[in-house]
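As a plain string of letters, each chain reads:
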Amino acid sequence: MKMTPSLFSLSLLLLHIALLSFLCFAGDPTVFFELRVSYTTVSPLGVPQQVIAVNDKFPGPLINVTTGNNLVVNVWNDLDEDLLLTWPGVQMRRNAWQDGVLGTNCPIPLKLNWTYQFQVKDQIGSFFYFPSLNFQRASGGFGPLVINNREVIPIPFAQPDGDIVLIIGDWYTQNHMALRTVLDAGKELGIPDGVLINGKGPFRYNTTLVPDGIQYETINVDPGKIYRIRVHNVGISTSLNFRIQNHNLVLAETEGYYTVQANYTQFDIHVGQSYSFIVSMDQNASSDYYIVASARFVNASLWQKVTGVAILHYSNSKGPATGPLPDPPNDLYYKEESMNQARSVRQNTSASGARPNPQGSYHYGSINITDTYLLKVLPPVTINGKVRAAINGISFVKPEVPFRLADKHNLTGVYKLDFPSKPLDRPPLMDRSIINATYKGFIEVVLQNNDTTMQSFHLDGYSAFVVGMAYGNWSEDSRSQYNKWDAISRSTIQVYAGGWTAVLVSLDNVGSWNLRAENLDRWYLGQETYLRIVNPEENGDTEIDAPDNVLYCGPLKDLQKHPISSSGSVVSSPGGIFTSMLALLMLIYVLHI
């Protein structure tokens with residue numbers, strides 16, 4: 001059946017309007033990504049094993065956006081268990097509904113999908129995403145996320161000739177389900193089987209320690225050029241020392257804040273942390289060079305195999321890398337080397353961040369502290385017959401429903417607002433207790449690590465000024481050591497075993513925000529809580545309401561009126577929209593003939 005001329009003209013007009021809308025949409029600061037999380041089999045350490053891939057990639061693909069962009073990320077769960085992706089360091093102003101942890105989101109059921117929608121407002125820097133449930137990060141599912149400056153805002157160094165991402169982390173040949181079974185049995189995970197760099201095992205620098213046939217990462221560079229190298233430690237619990245043979249590392253940025261640029265020959269990167277280095281390719285390329293990520297604070301003889309090695313290959317290289325790896329730090333004679341290195345990371349107060357005003361113009365050191373929270377961790381203990389980890393004697397019980405969703409539906413008994421602000425003299429217990437934090441408060445959080453292992457802590461929704469750290473127990477006199485002028489602001493903070501780290505946080509972002517151990521074993525065993533921050537005069541300006549596609553679970557599961565499916569929540573990419581329009585045009589043409 002042929003279309004009438006008037007109907008054909010109307011169809012073309014509608015198509016032109018749709019195409020015009022597409023072109024306008026393409027120029028809008030909304031960026032679409034579709035991530036399909038599934039299992040695949042790889043052999044990073046020479047042993048075939050099941051890992052979690054994103055879009056069939058291990059690690060997952062780069063999410064590359066610009067500050068101010070609105071992200072629409074459609075996530076498909078092709079695993080055999082529930083899934084959530086979280087975006088640590090991305091502050092999601094007023095929008096904790098998209099944070100991707102159990103206190104803010106119901107899980108994405110297996111074989112279904114859900115669409116995250118949030119804005120990367122007033123942020124720049126290097127971050128990564130990962131699955132937050134069920135110890136899944138131990139099997140992969142992670143990938144890099146870069147938030148670039150707008151073109152009108154200069155970066156505080158010469159524009160690099162290239163951008164390189166390195167994802168490093170300790171690795172076990174057992175998958176996440178086997179590892180959490182070990183933890184459930186009250187056992188320790190033991191020494192990792194290796195360290196991966198970009199999902200690959202070590203270059204065979206030693207024929208005894210590294211078996212033949214392992215695929216390794218090669219980074220190709222050109223002589224005389226300068227590269228920005230973004231390094232993320234996505235591992236389970238091992239601090240790693242990062243170094244590149246014969247090359248200096250100029251520290252430039254960490255987790256969204258530019259640093260005072262300083263030269264290092266090696267740098268400690270703790271679990272969950274991200275750094276950017278500017279590296280000049282200024283060597284003579286007589287051979288390739290080693291890129292090394294080796295375990296810190298361990299018995300070197302027992303951990304010999306736990307070293308990641310990649311290759312830096314100049315385009316004019318004359319041969320492969322040979323000889324021993326560059327030396328790691330030696331703590332035997334300089335026990336505070338790592339801590340002093342951490343203290344040397346200062347904020348670049350003359351550089352602009354996401355906005356044209358200097359990012360260091362915030363005079364945090366002159367603001368009165370409204371509350372102090374002394375959060376103490378000890379080695380895991382047995383509670384109710386189970387080995388658990390705790391903060392201030394409370395081992396956190398996973399929520400059945402997100403906290404703000406429970407508030408919205410007037411559910412009671414979901415959580416308690418009685419988290420202690422300091423350690424209490426009582427036996428540890430399992431509970432769902434969160435911090436009742438004051439909106440627009442300026443709080444001091446002291447992380448006291450009396451555990452035997454190095455710890456990293458992360459606060460979602462915020463960056464915190466790292467004002468002090470030392471060995472021993474914190475006391476009020478410790479405040480005399482604080483850096484009140486140019487402390488780095490970041491979201492993942494290391495706390496040395498037997499020591500403390502103090503941070504200052506301005507509570508201007510409403511919602512329920514996760515405070516956790518970034519070490520996966522401690523987090524899995526209950527070392528976390530949440531900050532509940534509510535504006536008592538909320539009028540819709542300080543907190544975005546629950547999204548239209550909000551998921552329901554636990555006591556609210558019956559409110560899920562429509563199942564999530566491809567017909568309901570998939571968001572097409574601009575390319576997909578364009579393809580659909582071409583198909584429509586062809587259909588109109590066929591009907592007109």
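Residues numbered from 1 in each chain as written. Predicted model: local features only at pLDDT ≥ 70, side-chain atom pairs only at ≥ 80, totals over all residues. Heavy atoms only, no water.

With that out of the way, let us pick up the layout of surface pockets. Its volume calculated, the second largest pocket comes out at about 630 Å³. Along its surface, the second largest pocket is lined by 28 residues, and Glu188, Ser237, Thr453, Asp521 and Arg522 are the ones closest to its centre. Split into classes, the residues belonging to the lining of the second largest pocket amount to 14 nonpolar, eight polar and six charged. (1 Å grid on protein atoms, 1.4 Å probe; cavity = no way out; pocket = protein on both sides within 12 Å on 5 of 7 lines; lining within 4 Å. Points joined across faces, edges and corners; volume = space filled by probe spheres on them. Nonpolar A, V, L, I, M, F, W, Y, C, P; charged D, E, K, R; others polar.)

Moving on, we get to the pairing of strand β27 (residues 455-459). Counted residue by residue, β27 has five buried out of five residues, so it is predominantly covered. Burial along β27 is two-sided: the residues Gln455, Phe457 and Leu459 and Ser456 and His458 are all buried. With four bridges joining them, β27 and strand β30 (residues 492-495) adopt antiparallel strand pairing. Residue pairing across strands places Gln455 opposite Val495, the latter belonging to β30. Alignment of β27 against strand β32 (residues 511-517), held across three bridges, turns out to be antiparallel. Directly across from Leu459, in β32, lies its bridge partner Leu515. (Buried < 20%, exposed > 50% of the residue type's maximum accessible area, 1.4 Å probe, protein only. Helix = DSSP H or I, 4+ residues; strand = E, 2+ residues; numbered from the N terminus. Pairing = 2+ DSSP bridges.)

This next bit is on the sheet that holds strand β25 (residues 435-438). An order of β25-β33-β32-β27-β30 is seen for the five strands of this open sheet, with the pairing classed as mixed. Each having just a single partner strand, β25 and β30 make up the two edges of the open sheet. Taking each pair of neighbouring strands and ignoring which way they run, the sheet shows an average axis angle of 25°. (Axes fitted to C-alpha atoms, helices over the stretch in contact; angles between N-to-C directions.)

Moving on, we come to the pattern of salt bridges. Following the criterion strictly, the structure yields 25 salt bridges and no others. Linking Arg204 and Asp212 is a salt bridge whose minimum nitrogen-to-oxygen distance equals 4.0 Å. With a relative accessible area of 34%, Arg204 lands in the partly exposed category. Accessibility expressed as a relative area gives 63% for Asp212, which makes it exposed. (Salt bridge = Lys/Arg side-chain N within 4 Å of Asp/Glu carboxyl O.)

Okay, the sheet that holds strand β10 (residues 194-197) next. Spatially, six strands are ordered β10-β9-β12-β17-β14-β15 in an open sheet, and the strand pairing comes out mixed. What marks the edges here is a single partner per strand, and that holds for β10 and β15 (257-264). Geometrically, the sheet is characterised by an average inter-axis angle of 25° between neighbouring strands, direction not taken into account.

In this section: the environment of His409. Note on placement: His409 falls in the loop between α4 (403-408) and β24 (429-431). Of the residues examined, His409 reaches a relative accessible area of 29% and is grouped as partly exposed. Along the chain, His409 and Leu556 lie 147 residues apart, while their C-alpha atoms are 8.5 Å from each other. Ignoring sequence-local partners within four residues, the contact set of His409 consists of Tyr552, Leu556 and Leu559. (Contact = heavy atoms within 4.5 Å.)

One finds Trp87, Tyr116 and Phe277 to be the most contacted residues of the largest nonpolar core, which totals 99 residues. No other element matches strand β18 (residues 289-295), which puts four residues into this core. Excluding anything up to four places from it in sequence, Tyr116 contacts Leu71, Val72, Val73, Val75, Leu84, Leu85, Trp87, Gln98, Gly100 and Ile108. With 21 residues, the next largest nonpolar core counts Leu45, Tyr172, Ala389 and Leu525 among its residues. (Core = buried A, V, L, I, M, F, W, Y, C linked by side-chain atoms within 4.5 Å.)

All of the buried residues along helix α2 (residues 176-184) are His176, Leu179, Arg180 and Leu183. The buried residues of α2 occupy one face: seen down the axis, they fall within an arc of 95°. Counted as exposed and oriented over 90 degrees from the buried face of α2: Thr181 and Asp184. Along its buried surface, α2 packs onto β1 (30-42), β2 (49-54) and α5 (520-524). Its side-chain oxygen placed 3.1 Å from the backbone nitrogen of Met177, Asn175 serves as the N-cap of α2. Of the residues trailing α2, Gly186 is marked for its positive phi of about 80°. (Arc of directions from axis to C-beta. Polar contact = N/O pair within 3.5 Å; in protein donor to acceptor, adjacent residues only side chain to side chain.)

Within the protein chain, residue pLDDT values average 89, and 88% of them lie at 70 or more. Note that pLDDT drops below 50 for residues 1-28; the model gives that stretch 26 contacts with residues more than four away or on any other chain. Throughout residues 565-593 the model reports pLDDT below 50, and contacts reaching past four residues in sequence, or to other chains, amount to 44 contacts. (pLDDT = per-residue confidence, 0-100.)

On to unusual backbone geometry. Cis geometry marks the peptide bond from Phe58 to Pro59, where omega comes out at -5°. In this structure, Pro59 sits in the loop between β2 and β3 (63-66).

Right, let's talk about the state of the cysteines for a bit. Among covalent bonds in proteins, the disulfide is the one between the sulfur atoms of two cysteines. Overall, the coordinates contain one disulfide when judged by the stated rule. For Cys106, the disulfide goes to Cys553, at an S-S distance of 2.1 Å. Taking the torsion about the sulfur-sulfur bond, which here is approximately -75°, the covalent link between Cys106 and Cys553 counts as left-handed. Here Cys106, found in the loop between β5 (85-86) and β6 (113-119), pairs with Cys553, found in the loop between β33 (528-534) and α6 (574-592); they are 447 residues apart in sequence, far enough to count as distant. There is no split in this pair, since Cys106 and Cys553 are both buried. (Disulfide = S-S within 2.5 Å.)

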